[in-house]
Amino acid sequence: MPGSTRAIDIFARWRPPPPKAADGQIARSEGTADGRGLLPVSLSAQNSGANQSWTSAPAFKAIFRPEDDNGAVYHSIVAPSISHILQGGSRNFFAYGHSGSGKTHTIFGYNYDDNNELGLSLAAAKHLFQALDTLNEGKAVRERLGVGFSLFELRNKSAFDLLNQRTECHIREGPDGRVHIRGETEMLQGGKVRVCPVAKMPCWTYEQLVGELTRALGLRAVGSSSTHDQSSRTHAVLELEIVCQSLVHSRNAVVDRQSELVPVGKRATDISIEEQSKGFVALPGGGWGPNPDYTIDQRRIDAAEAEKAEYEARIASAEQVVDEILRAHPSPCLGGKMVFVDLAGAEYHQEKGTQLELPKQTPQERQQGRQINTDLLALKEVIRAWSKNQPRIPFRSSALTMVLREHFLGIEGGTSNMIVTVSPAEDQYAATLNSLKYGSLVGASSASARSLAATSSAT
């Protein structure tokens, strides 16, 4: 919406140094906040023969030190958004950084028994369930609110559904402009088929969600990188949404109607192709012309198209039921969403004129790195265009930005958040520098767009 305020807040988070790096750390400092409350950060490599120092533009909303645990990060970045989610709003949270910098620890965590070490996503889920427990008091089971979640990872141009045994899914843009993530069409008994979208698991207790999420995370693909033995080589996308039983059932009905359309739509297409192929013949001199021995049966084509339209109307009717439930439900929080994205480890390359030695990479690592860099560059350009309210936002540039399209467009007037995770180890100086440069570019661009929007609004 022209004139609406869009922004992405950028945060930096230093991970604790590994034991071997205790005596070789990057010299770092943060400057004074500017009038917008944004901080610059400065780095220098102490043991490099070259003059390796850099200071960012004021771009970071806050900078978390190595001693700050997940609880501190959650209360500063995520907790303020919970009230917005409970009013049916949406928020996005990204973790960006090089391999081994702490992205997965930040988003998902590893210790589910310590509240201060819960990943941001699980801490948010726990907070939501606590609020929903109050709203659910006195309600029948079928009227209770819960949290549904989907979890998939992106590699190259495919999505892998971690709630459905890592089933590979295709990412396609429909004629309505919406992006659909679906697996292979299943053939059922009686000639019926079923379209398989990414699974969404409704959970009615926090304990149930933790169990299902832990199982799904166990299916994530990891691989060795030159900097981290268990590096995430994919982007993981977790969506939390406040749901109720009627919403779950109505969405299942939409999937059923879509499945019913598949054979009907295929039959309509086949009939049209068959009639057209019979109605034309190859001409002796080349090209095609009407077949004098066959008249296209337009009534047959029209009948198939009418049947297809009937099934399309059934889908539209089922979708209207979903919209009505979201609109008329007595709890405004229904449909509120939080999206957490654990981005694949950013790769980096030798910069001209530097004397920093970068670790050698295998051919597979280089290929993966090129794809990861393509995705992250596309994300940066989408964020910049989105925050500036540009009429064209390049969501089609990568599979990552395609699947995030609805999440960006669903937070009109809201804020996304990105945590840039970095290592203080001096042997990671090049990677840390490039990560902070990325965050600085995105943060400064968003802040500039926000200031411009505020000025335009004031005039």
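What you see is a predicted model, and the numbers here were worked out from it, not measured in a lab. (Residues numbered from 1 in each chain as written. Predicted model: local features only at pLDDT ≥ 70, side-chain atom pairs only at ≥ 80, totals over all residues. Heavy atoms only, no water.)

## Topic: the UniProt feature "coiled-coil region" (unreviewed entry) in the protein
Test applied: UniProt positions are given in the numbering used here, feature names are shortened, and annotations may be inferred rather than shown by experiment. Runs of E in the DSSP output that reach at least two residues are strands. Runs of H or I that reach at least four are helices, and both are numbered from the N terminus.
Within this structure's numbering, the places UniProt gives as "coiled-coil region" (unreviewed entry) are residues 294-328. For residues 294-328, helix accounts for 89% and strand for 0%, while the C-alpha atoms at its two ends are 55 Å apart.

## What about helix α7 (residues 298-328)?
The condition is simple: Here the expected length of a helix is defined as 1.5 Å per residue gap, with one fewer gap than residues. For every residue, the accessible area (1.4 Å probe, protein chains only) is compared with the maximum for its type, and the residue is labelled buried under 20%, exposed over 50%, or partly exposed between those bounds. Here, two residues are considered to be in contact whenever any of their heavy atoms come within 4.5 Å of each other.
Between its terminal C-alpha atoms α7 stretches 44 Å, which fits the 45 Å expected from 31 residues at 1.5 Å a residue. Among the residues of α7, those classed as buried are Ile 301, Ala 304, Tyr 311, Ile 315, Ala 318, Val 322 and Ile 325. Along its buried surface, α7 packs onto β16 (235-244) and α6 (245-279).

## Looking at the packing of aromatic side chains
For clarity, the cut-off: Pairing of aromatic rings covers Phe, Tyr and Trp, the last counted by its six-membered ring, and requires centre-to-centre distances within 6.5 Å; plane angles under 30 degrees mean stacked, over 60 mean edge-to-face, and any other angle means tilted. Both a distance and an angle decide whether a charge sits over a ring: NZ of Lys or CZ of Arg must be within 6 Å of the ring centre and within 35 degrees of the ring normal.
Following the criterion strictly, the structure yields six aromatic pairs and no others. Their ring planes at 20° and their centres at 5.9 Å tell us that Phe 94 and Phe 408 sit as a pair that is stacked. Linking Phe 94 in strand β6 (residues 90-97) with Phe 408 in helix α10 (residues 405-409), this pair joins segments that are 314 residues apart in sequence. For the residue pair Phe 94 and Phe 408, the accessibility class agrees, reading buried in each case. An angle of 40° between the planes, with centres 6.4 Å apart, marks the rings of Phe 395 and Phe 408 as tilted. Of the two residues, Phe 395 sits in the loop between α8 (363-387) and α9 (399-403) while Phe 408 sits in helix α10, which places them 13 residues apart along the sequence. One aromatic cluster is present, built from ring pairs that chain together Phe 94, Trp 386, Phe 395 and Phe 408. Across the ring face of Trp 14, the terminal group of Arg 28 is positioned such that the distance to the ring centre comes to 4.9 Å.

## Focus on helix α4 (residues 120-135)
Taking 1.5 Å of rise per residue, 16 residues should cover 22 Å, and α4 covers 23 Å from first to last C-alpha, within 8% of that figure. Of the residues making up α4, those classed as buried are Leu 120, Ser 121, Leu 122, Ala 123, Ala 124, Ala 125, Leu 128, Phe 129 and Leu 132.

## Side note on the side chain of Asp 9
Of note, Asp 9 is situated in strand β1 (residues 7-14). The exposure class of Asp 9 is buried, given its relative accessible area of 13%. Apart from the residues lying within four places of it in its own chain, the contact partners of Asp 9 are Lys 61, Thr 415, Ser 416, Asn 417, Met 418 and Arg 450.

## Overview of unusual backbone geometry
In this model, Asn 156 sits at a positive phi of 55°, which is unusual for a non-glycine residue. Structurally, Asn 156 can be placed in the loop between β7 (145-155) and β8 (158-161). Non-glycine residue Asn 389 carries a positive phi angle of around 60°. Along the chain, the position of Asn 389 falls in the loop between α8 and α9.

## Here we look at the pattern of salt bridges
We count it as follows: One side-chain nitrogen of Lys or Arg within 4 Å of one carboxyl oxygen of Asp or Glu is enough to make a salt bridge.
Summed over all chains, the structure comprises 20 salt bridges. Lys 200 is paired through a salt bridge with Glu 239; the nearest N and O atoms lie 2.5 Å apart. A residue pair is termed long-range when its members are at least 10 positions apart, and Lys 200 in the loop between β12 (193-194) and β13 (201-203) and Glu 239 in strand β16 qualify at 39 residues. On the basis of relative accessible area, Glu 239 is assigned to the buried category, the value being 9%. Between Arg 267 and Glu 307 there is a salt bridge whose closest N-O contact spans 3.2 Å. Of this pair, Arg 267 sits in helix α6 while Glu 307 is found in helix α7, placing the two residues 40 residues apart along the sequence. On the basis of relative accessibility, which here comes to 38%, the residue Arg 267 falls in the partly exposed class.

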